[in-house]
Amino acid sequence: YKRVLHRLRQLGLLYPCYCSRTRLQSVGSAPHIGELSVYDGHCYGMSEEEKCRMTKAPSWRIHVPALNISFTDGILGLQKENLADTCGDFIVRRADGMYAYQLAVSVDDGAMGITHVVRGQDLLSSTARQIWLLRLLGYDVPQYTHVPMLVDEEGNRLSKRQQGIT
């Protein structure tokens, strides 16, 4: 992951983000259930002087282009997403030093030569970011299939974490 971050930095795509959770939650209106919030690019292009005044450790974001990503899901069919419109620049390394899911899963899938990914429909919104990262890093893109989530009669997701399955 460290090598990939170095490569992304050399491409001029990485930048530090000093935004607090409070600031990120206050940007625009709070999304409704199922909607994604779009990062407003607040820290993109921050001057060196501004960065020097920051006291907290930054997370690292990747600057995404206004690019349409499309793929055919094994169940849901054709999917299209414009990264700049739907997610904006996203975190690839958290302020605590942990690598973010988007980076880790993309690098792992690419390095292992994964050809098919089957996962829950709740992860559909991550797929375009991963496809973009995979292509950017020179990896083949797997075939994706997103299966419906298990829900109870009221539509609530069944999961061990939410104690929906006993």
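Model, not experiment: these values are computed from the prediction.

A. Summary view of the sheet that holds strand β1 (residues 14-17). Pairing within the open sheet is antiparallel, and its three strands lie in the order β1-β2-β5. Looking along the sheet, the strands with just one partner apiece sit at the ends: β1 and β5 (90-93). Taken over all neighbouring pairs, the strand axes of this sheet differ in orientation by 50° on average, direction set aside. Inspection of the sheet shows β1 paired to strand β2 (residues 59-62) by four bridges, in the antiparallel sense. Its bridge partner lying in β2, Tyr15 is registered against Arg61. Docked against the sheet, helix α1 (residues 2-10) engages β1, β2 and β5, running at close to 100° with respect to β1.

B. Broad picture of the pattern of salt bridges. The final tally for this structure, using the stated rule, is two salt bridges. The partner of Glu49 in a salt bridge is Arg53, and the shortest N-O contact between them spans 3.2 Å.

C. Main features of helix α5 (residues 101-112). Counted at 1.5 Å a residue, the expected span for α5 with its 12 residues is 16 Å, and the 16 Å between its end C-alpha atoms agrees. Residues of α5 that are buried include every one of Gln102, Leu103, Ala104, Val105, Ser106, Val107, Asp109 and Gly110, and no others. Buried residues along α5 sit in contact with α1, β5, β6 (116-120) and α6 (127-136). Immediately beyond the C-terminal end of α5, within one or two residues, lies Gly113, with a positive phi of roughly 65°.

D. Molecular detail of the layout of surface pockets. Each pocket or cavity is described by its volume, and for the second largest pocket that value is around 230 Å³. Together, Cys17, Cys19, Ser20, Arg21, Leu24, Lys56, Ser59, Ile91, Arg94, Ala95 and Asp96 line the second largest pocket. Grouping the amino acids of the lining of the second largest pocket by side-chain chemistry returns five nonpolar, two polar and four charged.

E. Spotlight on the packing of aromatic side chains. In the structure shown here, the tally under the stated rule is four aromatic pairs. Note on Tyr1 and Tyr99: the rings are 5.1 Å apart at their centroids and 45° apart in plane angle, and the pair reads as tilted. Of this pair, Tyr1 sits in the segment before α1 while Tyr99 is found in the loop between β5 and α5, placing the two residues 98 residues apart along the sequence. Given the relative accessible area of 35%, Tyr1 is considered partly exposed. Above the face of the Phe90 ring, Arg129 is positioned so that its terminal group lies 5.8 Å from the ring centre.

F. Quick peek at a nonpolar patch on the surface. A cluster of nonpolar side chains, namely Ile75, Leu76, Val118 and Val147, defines an oily patch on the protein surface of about 310 Å² accessible area. Tracing the sequence through the fold places Val147 in strand β7 (residues 143-147). On the basis of relative accessibility, which here comes to 31%, the residue Val147 falls in the partly exposed class.

The rules behind these values
Residues numbered from 1 in each chain as written. Predicted model: local features only at pLDDT ≥ 70, side-chain atom pairs only at ≥ 80, totals over all residues. Heavy atoms only, no water. Pairing = 2+ DSSP bridges. Helix = DSSP H or I, 4+ residues; strand = E, 2+ residues; numbered from the N terminus. Axes fitted to C-alpha atoms, helices over the stretch in contact; angles between N-to-C directions. Contact = heavy atoms within 4.5 Å. Salt bridge = Lys/Arg side-chain N within 4 Å of Asp/Glu carboxyl O. Expected span 1.5 Å × (residues − 1). Buried < 20%, exposed > 50% of the residue type's maximum accessible area, 1.4 Å probe, protein only. 1 Å grid on protein atoms, 1.4 Å probe; cavity = no way out; pocket = protein on both sides within 12 Å on 5 of 7 lines; lining within 4 Å. Points joined across faces, edges and corners; volume = space filled by probe spheres on them. Nonpolar A, V, L, I, M, F, W, Y, C, P; charged D, E, K, R; others polar. Phe/Tyr/Trp six-rings, centres within 6.5 Å; stacked < 30°, edge-to-face > 60°. Lys NZ or Arg CZ within 6 Å of the ring centre and 35° of its normal. Patch = residues over 30% accessible without salt bridge, like charges linked within 9 Å, V, L, I, M, F, W, Y side chains within 5 Å. Areas by Shrake-Rupley, 256 points an atom, 1.4 Å probe, with all protein chains shown as cover.

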